[in-house]
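Now for the letters of each chain:
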Amino acid sequence: MNGGSVPGRRRQQTSCRTHETEAGFESNRQLTRTVRSTCPRDCYDGCGMLVHLEPGAKPRVSGDPDHPISRGRLCAKCAVAYNGVFQDEKARLTTPLRRSESGEFEAVSWDAALQEVAQRFGTIIDSRGPRAILNLNYTGTLGLIGYNFPSRLVNLLGLSQVDYGTICNAAGVEAWQRMFGTAVTGFDPRTASDSRCILVWGANPSHSAPHMHEHWLGETAASVVVIDPLRTESAASADLHLQPRPGTDAALAFSLLHCLRRDQRFDQDFIDAYTVGADELECTLDAATPEWGEQTTGVPAADIERAAALYGAGPALLWAGQGLQRQPLGGNIMRAIGLLPSLTGNVGKPGAGFYYLNDTAGLAGIDEDELAGTSLVSTETQTVGALDLAERLADPDEFAALLVWNANPLASCSNQQALRQACSRDDLLIVVADCFMTDTARQADIVLPAATCLEFDDIAVSYFNLNIGAQSKVCAPPGEALPNQEIFRRLATAMALDHPALFESDESMLVKMLSKVQPGLDFATLQQRGFVSLGGENALVLHSGRQFDTDSGRIEIAWDNADALGVPRLPHPTVDPAPALGELRLLSPASRWRLNDIYANDPQLIARSGPAELLLHPQDARARQLVDGDTATVSNALGSLTLTVSISDRLQPGVAVSYKGRWPNQEDGSGNINRLYAGQPTDLGASSAVHGLLVKVGPVQN
Ligand SMILES: Nc1nc2c(c(=O)[nH]1)N[C@H]1C(S)=C(S)[C@@H](COP(=O)(O)OP(=O)(O)OC[C@H]3O[C@@H](n4cnc5c(=O)[nH]c(N)nc54)[C@H](O)[C@@H]3O)O[C@H]1N2
Ligand SMILES: Nc1nc2c(c(=O)[nH]1)N[C@H]1C(S)=C(S)[C@@H](COP(=O)(O)OP(=O)(O)OC[C@H]3O[C@@H](n4cnc5c(=O)[nH]c(N)nc54)[C@H](O)[C@@H]3O)O[C@H]1N2
Ligand code: SF4
Ligand SMILES: [Mo]
């Protein structure tokens, strides 16, 4: 049975319940085993994990060597945190907590906690209707059950919903949904073997998709072009890095298109057959010479020419990052860069395509609407945009309760101080389910301890790679913590509800989902294999039918309903105004050491990431008499923060960076970057424009 050295056989022999590792084979038969699992974080990669289980020892989590993405290694953050804070009972929430008269938390039983929630929700619903309870959830876990199932109760009750996509990617979603008919079907990354160019625009895979950075981009034969105001590691290792001023991307896109058109790289047959409105762009394209592009974006004309030549050689892939659209004109930027594949015909053929997100579960036929019970809504519900949350929640006439799970808005949302203030309302009931005592949980009246992805079975999918993986239970939750779905089943019981959808078992949901992925596939088999790839060994060519789910059935470049949306009919090369004298544009993208704000409390990662930093260009630091290691005040009309200066020539003058992923309560009470973001929305989708933040920076005044 020792197949460990035989490539390809190891996978078959690794099974959750029975596999013995090489080391444990003779002496510890049945005692030492490894289990395959999948990381369900909100991350492009979707790594396969191998969990080593030994009697008397904590599970040891590592990368699955047989998984095509992780190839034996997890990212720097998960490798630490899954073996660290995730398994640290002292850091975890282990019992339900209730705020007592004195204001301190006291441990209570599940029954007591849920009875209280049920009773108080019931009173609010009876007296004011379900709209007075506001639900907020997001992507704390993307396991399909843990992410979706609790929404069944929320939907059945008809609670108000925060559309938390508006804190992340709604501008890009709306732009491409209207343009291509979908923002969640892109390209299969495996098609890169047929590509001659990969253009990564406003994503930083070296942080947000580390395995894609290392393997997919690192090993491709295609030319890699990265467009980012920051010289990220992905930019530094690319064949070409264009470094525009933030918020000038639409102009850059037009300039690239000018060159592509001049060089006859447009695909007129494709344009005629599959797009509408392209002819209306002609004058704008004529004017967008590379020299104009240089002036407008700061990217040298010669580099614009080079990038156009590389992309134009095709087949070419375009990856539109989520950082890209967190700009005041983020919707327009997404429309403008979407013109590249649309006008050059880089769509629906091997090696070509555009990508923002992939709905891998949907492509496999899994019905997430059913998992989330969207059809259970029977009353007229309302949604609240994330950027309006602080203001809306402050109004006692509107909301009497806030329910939060899979999210930490007091760290991640705009207008942090005002939101904290709103959450301090005495007459607002706050219920939070989380694995840790986050800033949001600290504000709660009732805290419900949630299990992590190591503690229940689920299915995890990547939104880049088309893989569907098993998320495996490898240990019991600490104390009394429960998976989200069990928390919400019990809450439904406490509320005396009886709709069967609220009580469906995990097993039943797993069976239904897996039957869609592959007939006859059961969870144990998926665990043994680790994952299933859509299309098997072969790359899928998405959009090969070139049918677009828009009104015209074509790629919509000109929008007839633009007036109603409050945007121009066509994408346009407008750029953001330059910051005023003395101001800097502050970007707060993904940190290498955090997954959003998850892991902010892991001691090893705290040590590795150091204090909250402000990266400054040497010129900007000099002008403010700041040197490396100084503390600086970063301020705007909304407030101020103190951050530790780190001088870096990876930036350009006028641009500063402070990575996201800090818990405000760990930052000496000063909060995190979102203290400075008032929540100005993007042009489309009323979404976060946090990378458009303007600040002043100076030495701390004593
Ligand atoms: N300044 C700035 N702010 C940003 C961004 C930025 O780039 N800059 N990015 C924005 C983006 S892209 C996003 S997506 C948002 C993210 O914002 P949030 O979704 O609020 O992300 P987190 O703060 O990490 O909160 C996720 C929470 O889920 C919890 N969790 C994990 N697993 C489970 C589980 O199984 N059950 C339960 N109940 N809880 C679980 C974690 O412990 C964590 O506290 O932040 C946004 N905020
Ligand atoms: N390690 C880690 N991984 C993560 C996350 C994390 O917090 N940490 N978060 C996850 C989530 S929720 C999301 S949404 C994704 C986000 O991951 P990405 O899609 O990579 O987005 P960001 O990290 O916000 O920003 C990416 C890049 O956009 C650049 N950028 C900012 N403004 C502009 C601009 O005007 N033009 C251009 N061209 N570029 C600009 C930034 O400099 C940054 O390098 O990552 C996911 N993965
Ligand atoms: S967060 Fe992303 S890179 Fe890290 S282990 Fe999970 S899937 Fe892999
Ligand atoms: Mo996000």
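Residues numbered from 1 in each chain as written. Chains lettered and ligands numbered in written order. Predicted model: local features only at pLDDT ≥ 70, side-chain atom pairs only at ≥ 80, totals over all residues. Heavy atoms only, no water.

Visitor: If you had to explain the site of ligand 2 to someone new, which residues and values would you point to?
Guide: As a matter of local geometry, ligand 2 sits amid 34 residues, with Tyr44, Asp228, Gln327, Arg594 and Asn596 nearest to it. In the model, an oxygen atom of ligand 2 is placed 3.1 Å from a nitrogen or oxygen of the Gly323 main chain. One of the backbone N or O atoms of Asn596 is found 2.7 Å from an oxygen atom in ligand 2. In isolation ligand 2 offers 910 Å² of accessible surface; the protein chains occlude 99% of this area. Of the residues contributing to the shell around ligand 2, the split by class is 14 nonpolar, 13 polar and seven charged. (Near = heavy atom within 4 Å. Polar contact = N/O pair within 3.5 Å; in protein donor to acceptor, adjacent residues only side chain to side chain. Areas by Shrake-Rupley, 256 points an atom, 1.4 Å probe, with all protein chains shown as cover. Nonpolar A, V, L, I, M, F, W, Y, C, P; charged D, E, K, R; others polar.)

Visitor: How would you explain the sheet that holds strand 12 (residues 316-320) if you had to name every residue and give the values?
Guide: What the five strands build is an open sheet, ordered 10-9-8-12-13; its pairing is parallel. Strand pairing shows two members of the sheet lacking a second neighbour, strand 10 (240-242) and strand 13 (353-355), which therefore form its edges. The sheet shows a mean angle of 15° between the axes of neighbouring strands, direction not considered. Note: strand 8 (residues 197-201) against strand 9 (residues 223-227), five bridges, orientation parallel. Counterpart to Cys197 in the pairing with strand 9 is Ser223. (Pairing = 2+ DSSP bridges. Helix = DSSP H or I, 4+ residues; strand = E, 2+ residues; numbered from the N terminus. Axes fitted to C-alpha atoms, helices over the stretch in contact; angles between N-to-C directions.)

Visitor: Could you give an account of the site of ligand 3, naming the residues involved and the relevant values?
Guide: As a matter of local geometry, ligand 3 sits amid Cys39, Arg41, Cys43, Asp45, Gly46, Cys47, Leu74, Cys75, Lys77, Cys78, Pro210 and His211. Within the residue set of the shell around ligand 3, elements represented by two or more residues are helix 2 (76-81) and helix 8 (210-217).

Visitor: So what's going on with the packing of aromatic side chains? Residues and values would help.
Guide: Across all of its chains, the model carries 23 aromatic pairs by this definition. Ring geometry for Tyr44 versus Trp319: centroids 5.0 Å apart, planes at 65°, classification edge-to-face. Of the two residues, Tyr44 is situated in the loop between strand 1 (33-38) and strand 2 (48-53) and Trp319 in strand 12; the sequence distance between them amounts to 275 residues. For the pair formed by Tyr44 and Trp319, the shared burial category is buried. (Phe/Tyr/Trp six-rings, centres within 6.5 Å; stacked < 30°, edge-to-face > 60°. Buried < 20%, exposed > 50% of the residue type's maximum accessible area, 1.4 Å probe, protein only.)

Visitor: Kindly report on the environment of Leu694, identifying the contributing residues and their values.
Guide: Mapping Leu694 onto the fold places it in strand 27 (residues 693-699). For Leu694, a relative accessible area of 33% corresponds to the partly exposed category. The spacing of Leu694 and Leu586 is 108 residues in sequence and 5.9 Å in space, taken between C-alpha atoms. Ignoring anything within four residues of it in the chain, the contact list for Leu694 reads Pro579, Glu583, Leu584, Arg585 and Asn636. (Contact = heavy atoms within 4.5 Å.)

Visitor: Any details on the nonpolar core? Residues and values, ideally.
Guide: Ranked by size, the top nonpolar core spans 138 residues in total, and within it Tyr82, Trp176, Trp201, Trp216 and Trp319 carry the most contacts. The greatest single-element share of this core, amounting to eight residues, is contributed by helix 10 (residues 249-262). Setting aside anything within four residues of it in sequence, one finds Trp176 in contact with Gly181, Thr182, Ala183, Leu318, Ala320, Met334, Arg335, Ile337, Gly338, Phe354, Tyr355 and Tyr356. Of all hydrophobic cores here, the second largest spans 51 residues; its members include Ala386, Leu419, Leu614 and Ala632. (Core = buried A, V, L, I, M, F, W, Y, C linked by side-chain atoms within 4.5 Å.)

Visitor: I'd like a rundown of the side chain of His258, residues and numbers included.
Guide: On the secondary structure map, His258 appears in helix 10. His258 sits in the buried class, given a relative accessible area of 14%.

Visitor: Now, about the pairing of strand 25 (residues 639-647): what can you tell me, with residues and values included?
Guide: With four bridges joining them, strand 23 (residues 613-616) and strand 25 adopt parallel strand pairing. What sits directly across from Leu616, in strand 25, is Ile647. Here strand 24 (residues 631-636) runs beside strand 25; their pairing, made up of six bridges, is antiparallel. Its bridge partner lying in strand 25, Asn636 is registered against Gly639. Connecting strand 24 to the next strand, strand 25, in antiparallel fashion are two residues.

Visitor: Let's hear about the environment of Gln701: which residues, and what values?
Guide: When you line up the elements, Gln701 lands in the segment after strand 27. We classify Gln701 as exposed; its relative accessible area is 68%. Considered as a pair, Gln701 and Thr633 are 68 residues apart in the sequence and their alpha carbons are 8.1 Å apart.

Visitor: So what about the side chain of Arg92? Which residues, and what values?
Guide: Its place among the elements puts Arg92 in the loop between helix 2 and strand 4 (97-99). One polar contact links the side chain of Arg92 to the main-chain carbonyl oxygen of Phe86, over a distance of 2.8 Å. There is a polar contact of 2.8 Å between the side chain of Arg92 and the side chain of Glu455.

Visitor: Provide a residue-level description of the confidence of the model for the protein, including the pertinent values.
Guide: Taken as a whole, the protein shows an average pLDDT of 95; of its residues, 95% reach a score of 70 or greater. Predicted confidence for residues 1-28 stays below pLDDT 50, and this span has 49 contacts to residues more than four positions away or in other chains. (pLDDT = per-residue confidence, 0-100.)

Visitor: Break down helix 10 for me, citing the residues and quoting the values.
Guide: Relative to the 20 Å expected for 14 residues at 1.5 Å per residue, helix 10 spans 20 Å between its end C-alpha atoms, a close match to the ideal helical length. Counting buried positions along helix 10 gives 12 out of 14 residues, so the element sits mostly inside the fold. Taken residue by residue, helix 10 has Asp249, Ala250, Ala251, Leu252, Ala253, Phe254, Ser255, Leu256, Leu257, His258, Cys259 and Leu260 as its buried positions. Gln264 lies just past helix 10 and shows a positive phi near 55°. (Expected span 1.5 Å × (residues − 1).)

Visitor: Run through unusual backbone geometry, naming residues and quoting values.
Guide: Here Gly314 and Pro315 are connected by a cis peptide whose omega angle stands at -10°. Mapped onto the elements of the fold, Pro315 is located in the loop between helix 14 (301-313) and strand 12. With a phi close to 45°, Ala686 is a non-glycine residue in the positive phi region. With respect to the element layout, Ala686 can be found in the loop between strand 26 (655-657) and strand 27.

Visitor: Help me get a handle on the packing of helix 6 (residues 170-180) against helix 15 (residues 330-337), residues and values and all.
Guide: Contact geometry for helix 6 and helix 15: axes closest at 8 Å, N-to-C directions at 40°. Accordingly, the angle class assigned to the pair helix 6 and helix 15 is oblique. Of the two possible hands of crossing, helix 6 and helix 15 adopt the one that is right-handed. Contact residues: Ala171, Gly172, Ala175, Trp176 and Met179 in helix 6; Gly330, Gly331, Met334, Arg335 and Ile337 in helix 15. When the residues that make up the contact of helix 6 with helix 15 are grouped by side-chain class, the tally is six nonpolar, three polar and one charged. (Parallel < 35°, antiparallel > 145°, perpendicular 65-115°, else oblique. Left-handed = near helix turned anticlockwise from the far one by under 90°.)

Visitor: How would you explain the sheet that holds strand 5 (residues 105-107) if you had to name every residue and give the values?
Guide: Strand pairing in a sheet is mediated by backbone hydrogen bonds. Such pairs are either parallel or antiparallel. One open sheet accounts for eight strands, arranged 5-4-17-16-15-6-7-14; its pairing is mixed. Since the sheet does not close on itself, it has two edges, and those belong to strand 5 and strand 14 (383-385), each with one partner. Going from strand to strand, the sheet's axes swing by 20° on average, the running direction of each strand aside. As defined by bridge partners, strand 6 (residues 133-137) adjoins strand 15 (residues 401-405) across five bridges and the pair is classed as parallel. Note that in strand 15 the partner of Ile133 across the bridge is Ala401. The sheet strands contacting helix 5 (residues 150-157) are strand 6, strand 7 (160-163) and strand 15, and the helix crosses strand 15 at an angle near 155°. Contacting strand 15, strand 16 (429-434) and strand 17 (446-449), helix 23 (residues 484-494) crosses the sheet at an angle of about 150° to strand 15.

Visitor: Give me the lowdown on the pairing of strand 22 (residues 583-587), citing residues and values where you can.
Guide: Burial of strand 22 is extensive: four of the five residues sit out of reach of the surface. Here strand 22 pairs with strand 27 via four bridges, running antiparallel. Paired with Glu583 across the two strands is Lys696, which belongs to strand 27. As defined by bridge partners, strand 22 adjoins strand 26 across three bridges and the pair is classed as parallel.

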